[in-house]
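Descriptive analysis of the structure
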Amino acid sequence: PMPCRCVPATDIIIYRVPTSQEGEQVQAYFNRRGVAYEDYDVSSDPIAFAQMQKLSGQKEKPVVVINDRVLVGFVPAQFDLLVPSLFN
């Protein structure tokens with residue numbers, strides 16, 4: 001078989017409050033690049049909220065986990081470094 005030239009699998013989890021503009025920016029960033037992610041609404045999911053606090057130590061900003069890296073807020077330069085994409 002031909003070797004796959006696919007984009008490597010990247011695990012992305014977004015913990016956010018739906019009313020957060022910064023959370024929407026994070027989602028839009030990944031949507032524009034066609035990158036799949038898991039999305040947790042921490043305002044209605046106490047388990048996700050606790051996980052977000054445990055990972056990041058805070059509760060105001062969206063928290064993005066890319067593989068094992070925890071990023072706080074909308075930081076596109078960091079996302080670019082960590083997420084291989086066909087659509088850059």
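For the structure, see preceding data.
Structural notes, computed from the coordinates. Values in this document were obtained by computation on a predicted structure and should not be read as measured data.

Brief notes about the sheet that holds strand β1 (residues 12–16)
An order of β2-β1-β3-β4 is seen for the four strands of this open sheet, with the pairing classed as mixed. Edge positions in the sheet fall to β2 (38–41) and β4 (69–72), since each has one partner strand and no second. The average angle at which neighbouring strand axes cross in this sheet is 15°, direction not considered. As paired elements, β1 and strand β3 (residues 63–66) share four bridges and run antiparallel to each other. For isoleucine 12, the partnering residue across the bridge sits in β3 and is isoleucine 66. Strand contacts of helix α1 (residues 21–32): β1, β2 and β3, with the helix running at about 155° to β1, the strand carrying the most contacts. Packed onto the sheet, helix α2 (residues 46–56) meets β1, β2, β3 and β4 and runs at close to 105° relative to β1.

The rules we used
- Residues numbered from 1 in each chain as written.
- Predicted model: local features only at pLDDT ≥ 70, side-chain atom pairs only at ≥ 80, totals over all residues.
- Heavy atoms only, no water.
- Pairing = 2+ DSSP bridges.
- Helix = DSSP H or I, 4+ residues; strand = E, 2+ residues; numbered from the N terminus.
- Axes fitted to C-alpha atoms, helices over the stretch in contact; angles between N-to-C directions.
- Contact = heavy atoms within 4.5 Å.

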